[in-house]
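# Fold and geometry: a report
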Amino acid sequence: LAKTTQPISMDSYEGQEVNITCSHNNIATNDYITWYQQFPSQGPRFIIQGYKTKVTNEVASLFIPADRKSSTLSLPRVSLSDTAVYYCLVGATYNDYKLSFGAGTTVTVRA
Amino acid sequence: SQTIHQWPATLVQPVGSPLSLECTVEGTSNPNLYWYRQAAGRGLQLLFYSVGIGQISSEVPQNLSASRPQDRQFILSSKKLLLSDSGFYLCAWNSEDEQFFGPGTRLTVL
């Protein structure tokens, strides 16, 4: 599994855009990039997944440059309820997929 | 739709006592199942995963063990708990696109 590096913490204010960048220099050709969100005392929840370029859903956008050695999760107009830990994961096939969660990025949104 | 259950939700056990945590999945067949542990303020540590009945792979040496007696049942056990076994235990399974986590069990070993 490709190792990932992301900031330990980020602070923001309500209504701002939050961008979390994850480095994965040794990503393999068939690896996908997936982001999860975890609230205290809950299991992580899938946010978004991508392979290259840009992916957008109702929650976030994921930007992946051409070399795929990094990716950026963008949370538009955050609210207090977006305070959570965000994990970046890189992995290959879906059906035999050992996810490796690092410490993640703790995002704190303030009023 | 698929659902994943874990119980108990919380557990307080003395050092040296046994442990049994149960995870069951509904709405899917032959899932890959996982046990993770999360210490306070830390990331998730993969403990065990299973690709089928009776098939268990251990990721980290420890005093815990796992079993998969049925297709959609995954059990985490210990014969003698250590203080360091305290944490938040999460069961998960894979779909094609993502991994789904159960509600977790908060274990405190005293």
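These remarks concern the structure in this document.

Cut-offs applied
Residues numbered from 1 in each chain as written. Chains lettered and ligands numbered in written order. Predicted model: local features only at pLDDT ≥ 70, side-chain atom pairs only at ≥ 80, totals over all residues. Heavy atoms only, no water. Helix = DSSP H or I, 4+ residues; strand = E, 2+ residues; numbered from the N terminus. Contact = heavy atoms within 4.5 Å. Areas by Shrake-Rupley, 256 points an atom, 1.4 Å probe, with all protein chains shown as cover. Lys, Arg positive; Asp, Glu negative; His and termini not counted. Charge placed at Lys NZ, Arg CZ, Asp CG, Glu CD. Buried area = accessible area lost by both parts, 1.4 Å probe. Salt bridge = Lys/Arg side-chain N within 4 Å of Asp/Glu carboxyl O. Polar contact = N/O pair within 3.5 Å; in protein donor to acceptor, adjacent residues only side chain to side chain. Nonpolar A, V, L, I, M, F, W, Y, C, P; charged D, E, K, R; others polar. Pairing = 2+ DSSP bridges. Axes fitted to C-alpha atoms, helices over the stretch in contact; angles between N-to-C directions. Buried < 20%, exposed > 50% of the residue type's maximum accessible area, 1.4 Å probe, protein only.

## Description of the overall build of chain A
Helix and strand counts for chain A come out as 0 helices and 9 strands. The N-to-C order of helical and strand elements in chain A reads β-β-β-β-β-β-β-β-β. Projecting the C-alpha coordinates of chain A onto the three principal axes gives extents of approximately 40 × 30 × 25 Å. Long-range pairs, those at least 24 residues apart, make up 57% of the contacts in chain A between residues at least 6 apart in sequence. Of the roughly 5,600 Å² of accessible surface on chain A, 51% is carried by carbon and sulfur atoms. The centroid of the 9 positive side-chain charges in chain A is displaced by 6 Å from the centroid of its 8 negative side-chain charges.

## A word on the interface of chain A and chain B
Contacts between the two partners involve 18 residues from chain A, matched on the other side by 23 residues from chain B. Note on chain A versus chain B: buried area summed over both sides is about 1,500 Å², and carbon and sulfur give 47% of it. Between the two partners, chain A and chain B, sit 0 salt bridges. Here chain A is connected to chain B by 4 residue pairs in polar contact (both at pLDDT 80 or more). Sorting the residues of the side of chain A that touches chain B by element identifies strand S3 (32-38) and strand S4 (45-50) of chain A as the ones contributing at least two each. Within the side of chain A that touches chain B, the residues separate by chemical class into 9 nonpolar, 7 polar and 2 charged.

## Description of the sheet that holds strand S3 (residues 19-26) of chain B
Residues and elements named next belong to chain B. Strand order in the open sheet formed by 4 strands is S1-S3-S8-S7, and the pairing between neighbours is antiparallel. Single-partner strands in this sheet number two, and they are strand S1 (3-7) and strand S7 (64-70). Pairwise comparison of adjacent strand axes, ignoring direction, gives a mean angle of 20° for this sheet. With 6 bridges joining them, S3 and strand S8 (residues 73-78) adopt antiparallel strand pairing. Looking at S8, one finds that Thr 24 is bridged to Gln 73.

## Brief notes about the pattern of salt bridges
Where charged atoms of side chains with opposite charge meet at close range, the side chains can pair. Residue and element names in this part refer to chain A. In the structure shown here, the tally under the stated rule is 3 salt bridges over all chains. Measuring nitrogen to oxygen at the nearest pair gives 3.3 Å for the salt bridge that ties Arg 110 to Asp 11. Of this pair, Arg 110 sits in strand S9 (residues 105-110) while Asp 11 sits in strand S1 (residues 9-13); the two residues are 99 residues apart in sequence, bridging distant segments of the chain. Owing to a relative accessible area of 39%, Arg 110 belongs among the partly exposed residues under this scheme. Residue class for Asp 11 comes out exposed when judged on its relative accessible area of 53%.

## Side note on the environment of A:Gln16
Residue and element names in this part refer to chain A. Among the secondary structure elements, Gln 16 is positioned in the loop between S1 and strand S2 (18-23). Exposure remark for Gln 16: the relative accessible area of 39% places this residue in the partly exposed category. Spatially, the C-alpha atom of Gln 16 lies 20 Å from that of Gly 104, the residues being 88 residues apart in sequence.

## Re the sheet that holds strand S8 (residues 84-91) of chain A
Pairing between sheet strands relies on hydrogen bonds along the backbone, with the strands arranged either parallel or antiparallel. All names here are of chain A. What the 5 strands build is an open sheet, ordered S1-S9-S8-S3-S4; its pairing is mixed. In the strand order of this sheet, the two ends are held by S1 and S4, each with one partner. Strand-to-strand twist across the sheet, computed as the mean angle between neighbouring axes with direction ignored, equals 25°. Two strands pair when backbone bridges link them, and S8 and S9 are joined in this way by 3 bridges, in the antiparallel orientation. Its bridge partner lying in S9, Tyr 86 is registered against Thr 105.

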